[in-house]
Each structure stands twice: as structure tokens, then as C-alpha cells.
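# Chains, contacts and geometry: an overview
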Amino acid sequence: MSSVDFSHGVQYTPASTISSKAISPKVLKDLGISYIRLQWVDLVNNIRYRVIPLSYFEKLLSSPRPGVTFAKAVLGLVYLNMAEGFNAIEEYLYVVDLESLRVCPYEPGHATVMGYFQEKVPVMGSKVEIDLCPRGILKRIEEEAGSHSVQFLIGIEHEFILLKETSPVPVASNIHSWSHSEALRTGSVESKALREMSDALLGAGVEVQMYHAEAAPGQYEMVTGPLTPLAAADAATLTRETISNVAAKHGLRATFAPRVYMDSCGSSSHVHLSVHSTSSSAPTPSPGSLTPTESSFLSSLLDHLPSITLLTLPIPASYKRVQDGAWSGGTYVSWGTENREAPVRFTNAHSRTSRNFEMRFVDGTSNPYLALAAMLGVGLEGIKAQAELKISDCSYLPSKSGVFNTLTPAQMSEESRKGLGITKRLPLSWEEARKRFKEDEMMVKVFGQEFVEKYLSVNKTLAEALAQDKDEAKELTRLVEYY
């Protein structure tokens, strides 16, 4: 048997990955920082912030619970509309998390910091954490995973389109094909903007692995390196803000809308996720095969995939991107080695150093904290239950080990799909996604009843706001200007 190791790719492990590039508050003045952007991401993936002079921020840090108060309605606000279940009564305290303090890469003299929404006064004696804080939810799941000897790493591909105009119809900055040199000609506004985006992120401590042109008009992709879950979601937020702000500086509008041009491909936010067991008795991964931990994680993820899409594909327009035969992951609940027509692609399967799952059912309108919490939360439940994986790798022919199957799940016969355990489809519409989310008891187990009810309310208000123009062209303009 050959002893040659065909592993490839850069090896990342939770132990070797620096999850935070946080700076110390003590060096803010030395870095020329005069203002702090206290940021949060709401339930509909709006990035919001308050700008605080450094002098007042230092006073906040010396207080017992450093933070700023907000009306509880802040998590239910969409445009100027208040979602059902939210009102003008009571306040949250948004508590600063200094582990997220970074130099703002797109605004000189500013730094950014995230936080956690908490009750101002403890509930039931001592509890200040709330069930609606996206960062708090993800942190809780990450900590629970650690208590079960499991860690995760997350890397994200950020796809976006650069527009010269948004109204009366979106006009792309240029026309090019996938990875074509024409998209990044020296001296072009696109080349200058992408280089500045990358430089800014690198300067802020976010690892940029590469950027390139995608296939749709004006479409590009920025790939950032793996981090632990909470750090990855923070980095995703910083990346999206950097892309948007640098684009604006160059007179362009960056949009993460799922599909701008129906005659071309859409924009996604693929998540690359690796599962790591920290147990001393965990077996070493075998090339091409799943570990027991990976298998149980995947089993539960696939079982609840139709339910969590409301968090990863949260708006009606998201379902214009997800189609069979469009390299978007397809519509059948399945997984496959190097298979881009399955919603979960097992990539670099034979490499000991860089194997991971690519989650293709995510787009840039999703809140990264909630999208990751959904995937990790249901997957962790599978690990805890040692769930058995009943869906086979759709990339291989069942009767011929090692022989690639050239048919996608959509091209297979129903009998062939059943033979692989492929019996369910993803929601084909936003309405169906809401129904699946609402009916799945696992969503309550992972997120809590209050979150499920209020997220459904906010999600409905968002869809109504995006469709308020009752005109297809105007709705598209509103979409690209909102996301």
C-alpha cells in the first residue's frame, strides 16, 4: 500500500487558529483612535452602530457594566415598521465585548467593537442574558460544544456585486466572466476597490485568502480564513461593512442580494465548516471517510436542513437563487464529495489537513450569528445523540465504490435517490421555509420559544417591507439598496 500522502491545502486547527485580533483599549490613543463604533447586527441582518468619542468610551469602561441602553424595540425594527410582539416599553443594555475591539479598517481614527444585549435588571434572580441576542445565542452554542469536546472552525466566501447605479434598475460596474482578467484591469475602479478592501481587512487582522471575479455582471468574491464561530461571525460582519464602505468610497454600491440578474448566477455566502473532536479517544480522520463526530453532526444537520433555511435564506428573494442545475447547491437534501449540486459539499475529503463541509445554502442577507447558530446548534444535537447518518454520499455510485456519479440528485430517478436516502427537498419558497421553521421542535430546542415566535414576526415584517412597492423593478432596487 502506498505511503504517499496526497494531502493538500493549509492546515487549520482550533488550537493553531488565532480567533481574535482584538486590540487593547490601552493602545487606542497610540493608534490615533478618536471614536468607537459600537456595532450590532439585528435580526434582519442590518449592521447598526453608535459612534462614541474615545473620551466617553473610556468612562463607560470604568463603569460596573460598560454599555449603552436601547429600547427593546430595536430588535424588532424593520425600516420604520415595528414587528408584532415588540413595543416602546423597557430597555436593553448593550454590553461591550472587548474581545471584539478592532481598528476600523475603512474609517481612519475609528475602532469597532461588538457587544451582547442583556436585561438591565436581572430576571428571576440573576439572569441578564436574553434569548434574542444573536451574538449571545452563538456564544452559548459554541460554549456548549466545548463542554462536549467539540470545536468548530468557520471560513466564509463573501460574494457581492458592484453596481454603478441602483435606480431605476441596477447597473453593474462592468461585465466579465468567472475569474477573467478583464474584471480586474490595472487602474480600473474595480481593481482599486478590491485591493483596498483586501488591504483594509488584512490591516484589521482578518485573514484574506484570495479575491477574484465571479460569473455575474459586476460580481466578485472575497474569501476569508477560518476562525472559531463567534470570531468568524464578527469577522463576517467586519468584512461586509468593509466591502460596502470601500465600494462607496469609489462611487460604487456593493450588494449582497441573492440574485440581481435572473439570466446569470446569484450571490451566496458559502460557509466552510470543519468539525474537530477534542476527545483524546477520537479516531484520526481517514482520507475520504467521515469521522463518527462528523457523521453525527451531518446527520442532524441534513435532518433539519429544511427548517434552518429560514435563517440562512431569510427573504423571498433568497429562493430565486436556489435552483437545480445552477451550481447553487440544488434543492434536494443531500451531501456529496466535491459536489456543487448538493447543499452540503464534502470538500478536500482525502486531505488530512484541509477537509471541511461547504454549506451552500447560505446567502449574504442572513445574519451570520444566527446562520452559524442554526447549523452548529442542530449539528451539535446530532453529536450529543450520536445520530446515525442515513443519507449516502451522492457523488459515488452505490454499487461501484470509488466511481464518481455524474448525475446530480435532481437528475437521478426517484428510485436512485431513495437508494441513497435522499427523500426530502429544501423549501422552494419563503412561505414553505417559514412553515418548516415553525413546525420543527428542534428550532425551539436550539433557540427557545421566544426567539422562534419573534423571529417569525420580524421576518414577516421584513418581507412585507421589501415588497411594499408592488412593482418588480422598484422591489429589486429596494432589495439591492437594503442588502
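Now for a quick tour of the structure. (Residues numbered from 1 in each chain as written. Predicted model: local features only at pLDDT ≥ 70, side-chain atom pairs only at ≥ 80, totals over all residues. Heavy atoms only, no water.)

## What to know about the overall build of the chain
To keep things clear, this is the line we draw: Helix and strand definitions follow DSSP, with helices as H or I runs of at least four residues and strands as E runs of at least two, each counted in order from the N terminus. Exposure classes here rest on a 1.4 Å probe applied to the protein chains alone. A residue is buried below 20% of its type maximum, exposed above 50%, and partly exposed in between. A positive count includes Lys and Arg, and a negative count includes Asp and Glu. His and the chain ends are not counted in either. One atom stands in for each charge, and that atom is NZ of Lys, CZ of Arg, CG of Asp or CD of Glu.
Helices and strands together make up the secondary structure of the chain, namely 12 helices and 17 strands. Each principal axis of the C-alpha distribution contributes one length, and for the chain these read about 70 × 55 × 50 Å. Each of the 483 residues in the chain was classed as buried or not, and the buried ones make up 56%. If you average the places of the 47 positive and of the 54 negative side-chain charges in the chain, the two averages end up 2 Å apart.

## Considering helix α1 (residues 54-61)
Side chains of residues three or four places apart in an α-helix project in the same direction, reflecting 3.6 residues per turn. Under the convention used in this document: Summarising the geometry, the arc corresponds to the directions from the helix axis toward the C-beta atoms. Whether two residues are in contact is decided by their heavy atoms: any pair within 4.5 Å suffices.
Taken residue by residue, α1 has L54, F57 and L60 as its buried positions. Looking straight down α1, one finds its buried side chains confined to an arc of 110°; they lie on one side. Opposite the packed face of α1, turned more than 90 degrees from it, sit the exposed residues S55 and K59. Taken together, the buried residues of α1 touch β1 (35-41), β2 (47-53), β3 (67-71), β6 (91-103) and β7 (110-123).

## Focus on the pairing of strand β11 (residues 208-213)
The following threshold applies: Strands pair, by our definition, only if DSSP identifies at least two bridges between them.
Pairing of β11 with strand β12 (residues 219-227) involves five bridges; the strand directions are antiparallel. Within β12, the residue paired with A213 across the bridge is Y220. The turn joining β11 and β12, which pair antiparallel and follow one another in sequence, is formed by five residues; a positive phi near 65° is taken by G218.

## So, unusual backbone geometry
Following S167, the chain continues into P168 via a peptide bond in cis, with omega recorded as 5°. Residue position: P168 is located in the loop between β9 (150-165) and β10 (171-172). Even without being a glycine, S149 presents a positive backbone phi close to 60°. Here S149 is to be found in the loop between α2 (134-147) and β9. Phi is positive for K470, which is not a glycine, with a value near 55°. Position of K470 among the secondary structure elements: in the loop between α11 (449-466) and α12 (472-482).

## A few points about the pattern of salt bridges
This is how it is decided: In the sections that follow, a salt bridge refers to a side-chain nitrogen of Lys or Arg positioned within 4 Å of a carboxyl oxygen of Asp or Glu.
This model, assessed by the stated rule, comprises 25 salt bridges. For E91, the salt bridge identified is with K120, shortest N-O distance 2.9 Å. Separated by 29 residues along the polypeptide, E91 in strand β6 and K120 in strand β7 bring together distant segments of the chain. For K120, a relative accessible area of 39% corresponds to the partly exposed category.

## Let's talk about α12
Which entries qualify depends on this criterion: Any N or O atom pair separated by 3.5 Å or less is treated as a polar contact, with the protein-specific requirement of one donor-capable and one acceptor-capable atom, and with residues adjacent in sequence counted only for side-chain atom pairs.
Every buried residue of α12 is listed here: T477, R478, L479, V480 and Y482. On its buried face, α12 sits against β4 (77-78), β9, β13 (253-255) and α11. For α12, the side-chain oxygen to backbone nitrogen distance between the N-cap and A473 is 3.2 Å, and the N-cap itself is D471.

## Remarks on the nonpolar core
Test applied: Among buried residues, those of type Ala, Val, Leu, Ile, Met, Phe, Trp, Tyr and Cys that are joined through side-chain atoms within 4.5 Å constitute a nonpolar core.
Counting residues in each nonpolar core, the largest one holds 140 residues, and the members touching the most others are F117, F160, M197, L301, M359, M375 and F451. The element contributing the most residues to this core is helix α7 (residues 368-385), with 11 residues. Those residues in contact with F160 that lie beyond four places of it in its chain are L194, M197, G218, Q219, Y220, E221, M222, I243, A254, T255, F256 and S267.

Remember, this is a structural readout, not a statement about activity or role.
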